[in-house]
Structures are given as C-alpha cells and as structure tokens.
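Given next are the chains, with one letter for each unit.
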Amino acid sequence: MRLQYPTHIHIIKVPCSGRVDLIHILMAVEQGADGVFVAGCLEGDCHYMHGNLFARKRVERAKEILEKTGVGKDRVEMYNLSAGQGSRWAEICREFDERIMKLGPSPIRLAHEKKAA
Amino acid sequence: MIKATPKPLEEIIDFVKDYNKILVAGCDGCVTVCEAGGMKEAKVLGSALRLYYTQAGKDHEVVETTITRQCDKEYLEELKDMMENADAVVSIACGCGIQYLTENYPKKVVFPGVDTHFMGINADRGLFEERCAGCGQCVLGTTGGICPIARCSKRMLNGPCGGSEAGKCEISKDTPCGWHLIYERLETLGQMNRFLEPVDPKNWRSSRDGGPRVIIREDLRKAEPQHGSAH
Ligand code: SF4
Ligand code: SF4
C-alpha cells in the first residue's frame, strides 16, 4: 500500500493492547517520550475478550496522572483499529504526530536534556 | 481482608512537594490484593511523583519498595536503610501499616498514600464489599452466617426494621437489607425460631465503643504480657 507515516514514531509490539499496563505508559513518558498512544483492536473484537477495554481504562488513568503531574493529558491517547485498516493506521500516526508537534516537546524530555547539558 | 483505595494524586503531591528524597513504601498484604498498595501501585505512584518533580524542575530521588507486611516489626526492619535515606515516606499500606511504620521510625515524616475503608471480600475484580465490622463478639452463629453489625445499616441485633422494603435497606435501593438476607438464610436452614425470642443487647465494650483495643493471647506469647487487661 506504500502508506506514509512519520518515521520518528517508535512502535512497541505487544500481543494484545491489554498487555500495556499503566506503568508502561508512564515509563515511556518518564524516559522522555513526547507522546504515547496505544493502538488496540476495535472494541468488541478483542481476541482476549477485554484486552482493549482494559487498555482504554489504563490510558484514561495515565491521562489523569499526566494532567495532575503537570505533564498534560493530551500526550497520551487510545486508538482502536483493525489489522486490516492500514490507511487508518497511517492516518492515526499523522494525526497524533500533528497533535504532539503542536504541544511541543515534553517538559520531561526538556528537563532531561537540560540536566545532561 | 482490609480494603483501601489510592488517595487522589494531588493530595499526595501536596504532602510531599517540599521534600525531595521520597520513599514510596508498599505492602505485599491486603492492599496488594485490593490493588491499592502493592508493588504495581508503588511503581505507578513513584513514577507519577518523578514526573511531577521533573516537570516542576525540582531535584528529587524517588524510590519504591514493598515489604511482606507493614503491620509486623520484623518486616519493617527491612526498610531501615531506605528509611534513613528518605526525607519523607509515602506508605500505601492500610492505616495499621502506616501507623506501625511511623511508630517504628519515629523521626521520619510518613504520609498516607491510600484511604483505608473496611474489612471485606473481593466480590469481583474491583468490587469490594464490607462483611465484618470487628465487633469482637461474633454473632454469626445465630444469624445464619450473615453479619447484622456490618450488613445492617443500623447494626441492629433484632431486625429487620420498618425501613426494609423488597429486600433492600432504606438507605439505598442498591443496598441489600442485612436482616432480609438473614431472614431468608434462616428460613433455608429451618431456623426461623430464632425470631421468636428477641436477642439480648450486645456487650459493645468489645467493639470500638470500648476505646482502642488490644488482644493478649497468653497461649501465643513468649514473654510476660506488657499491656493492661484485654477487653
Ligand atoms: S499492613 Fe495492612 S495491608 Fe499490609 S498486611 Fe498488614 S493489615 Fe494487611
Ligand atoms: S458479628 Fe462481629 S465479629 Fe462477627 S462478622 Fe459481624 S462484626 Fe464481625
């Protein structure tokens, strides 16, 4: 299909979005990720029944924590799409990338960079 | 087991914002089971605090750990080095654990990271229900195994009251009437004669009404008892 999406998005593969725990999202932000999104299967289509629904709840908790710690809730998002929706995948990547570009670098990354300098 | 829930993050941040070496101390006991104060929750809280300090540009060192039980001295001793290194501690054990930690490290500032609620059961994942109020004189033997103290909103010994309707308590249509449950259970057991005679008032001195309680089990103790008489 040769679909284009931003190359600076790092993909971490997991067997099911339900494998993504709250701490994984927080650790990514702690390590300087400007944004994190979790892509799960369409709701109702989880091979493990509830994996993507759990993932959504964890993303909600992550948003709450990021908001309360001053990092900002918009740096995390949950998306649902099926394995057959390649073009939707590219669209999501572009959409999320655009959002993060607008937000600018994460205050956590800036703090790490300042410390290293 | 004891049921607790995480305190709102903003409350915890407010406690610790002026300290910079923080120990988040979890407990592998009850609070791990109700997913409020185990290693997973300690890691999440630790991470959240680091995010807060980092974005606020504050120097910090946040470490997380858990011990087998915070309500036991020998496990609390394992925390010695970490406690020494911390300016402030957030304990996410139940209220008992938090207090015993404080008692054993009297010079340290300890904050609660959870709200402790009650003794209860795990009805489902994320669904905890109160079952026992620790009254110190169990009456389950005469109430069909259903506690009128914890499950009747009025802690009545001779129920149900006039507020019981269609099996629900008058406080809310979502609350089963404890005495309705007892009635049904005694009917199943063929023990309805329980209702023929009212039960005498209970001695509430063994409950919270008698002040903070102490249990001395002479058969379990090694040394001479050090406390006054038990209630
Ligand atoms: S400190 Fe509290 S939560 Fe931990 S084991 Fe003891 S009673 Fe349970
Ligand atoms: S009667 Fe007392 S000890 Fe027994 S379950 Fe009820 S509150 Fe607990």
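What comes next is a walk through the structure.

Residues in close proximity to ligand 2 include Cys132(B), Ala133(B), Gly134(B), Cys135(B), Cys138(B), Val139(B), Leu140(B), Cys147(B) and Ile149(B), which together make up its full environment. Grouping the amino acids of the shell around ligand 2 by side-chain chemistry returns 8 nonpolar, 1 polar and no charged.

Let us look at the state of the cysteines. In total, this model carries 0 disulfides over all chains according to the counting rule given. Sulfur of Cys16(A): no disulfide; nearest cysteine sulfur belongs to Cys46(A) and is 4.0 Å away. Cys96(B) takes part in no disulfide bond, and the closest cysteine sulfur to it belongs to Cys94(B), at a distance of 3.9 Å.

For the rest of this paragraph, the subject is the site of ligand 1. Taken together, the neighbourhood of ligand 1 is formed by Ile2(B), Cys27(B), Gly29(B), Cys30(B), Val31(B), Arg69(B), Gln70(B), Cys71(B), Cys94(B) and Gly97(B). Each residue belonging to the shell around ligand 1 can be placed in one class, and the counts come to 6 nonpolar, 3 polar and 1 charged.

Moving on, we come to the packing of aromatic side chains. Under the definition given, this model contains 10 aromatic pairs over all chains. Ring centres of Phe37(A) and Trp89(A) lie 5.8 Å apart, and the angle between their planes is 55°; on these two criteria the pair is classed as tilted. Pair noted here: Phe37(A) is in strand β1 (residues 36-40) and Trp89(A) is in helix α3 (residues 86-103), with a separation of 52 residues, a long-range link. Judged by relative accessible area, which is 16%, Phe37(A) ranks as buried. By the ring-pair criterion, three or more aromatic residues cluster together here, those being Tyr5(A), Phe37(A), Tyr79(A), Trp89(A) and Phe96(A). Here Arg155(B) stacks its cationic end above the ring of Trp204(B), 4.6 Å away from the centre of that ring. Its end group placed over the ring of Trp204(B), Lys202(B) keeps NZ or CZ at 5.5 Å from the ring centre.

Attention now moves to the pattern of salt bridges. Taken as a whole, this structure holds 24 salt bridges over all chains when the rule is applied. Put simply, Glu30(A) and Arg50(B) hold a salt bridge, and the shortest N to O gap is 2.7 Å. Pair noted here: Glu30(A) is in helix α1 (residues 22-30) and Arg50(B) is in helix α3 (residues 39-55), and the two residues belong to different chains. Note on Arg50(B): relative accessible area 18%, which makes it buried. Put simply, Lys7(B) and Glu11(B) hold a salt bridge, and the shortest N to O gap is 2.8 Å. Residue classification places Glu11(B) among the partly exposed residues on the basis of a relative accessible area of 31%. Bridged by salt links that share partners, the residues Glu30(A), Lys43(B), Arg50(B) and Glu64(B) form one connected network.

Scoring rules and cut-offs
- Residues numbered from 1 in each chain as written.
- Chains lettered and ligands numbered in written order.
- Predicted model: local features only at pLDDT ≥ 70, side-chain atom pairs only at ≥ 80, totals over all residues.
- Heavy atoms only, no water.
- Near = heavy atom within 4 Å.
- Nonpolar A, V, L, I, M, F, W, Y, C, P; charged D, E, K, R; others polar.
- Disulfide = S-S within 2.5 Å.
- Phe/Tyr/Trp six-rings, centres within 6.5 Å; stacked < 30°, edge-to-face > 60°.
- Helix = DSSP H or I, 4+ residues; strand = E, 2+ residues; numbered from the N terminus.
- Buried < 20%, exposed > 50% of the residue type's maximum accessible area, 1.4 Å probe, protein only.
- Lys NZ or Arg CZ within 6 Å of the ring centre and 35° of its normal.
- Salt bridge = Lys/Arg side-chain N within 4 Å of Asp/Glu carboxyl O.

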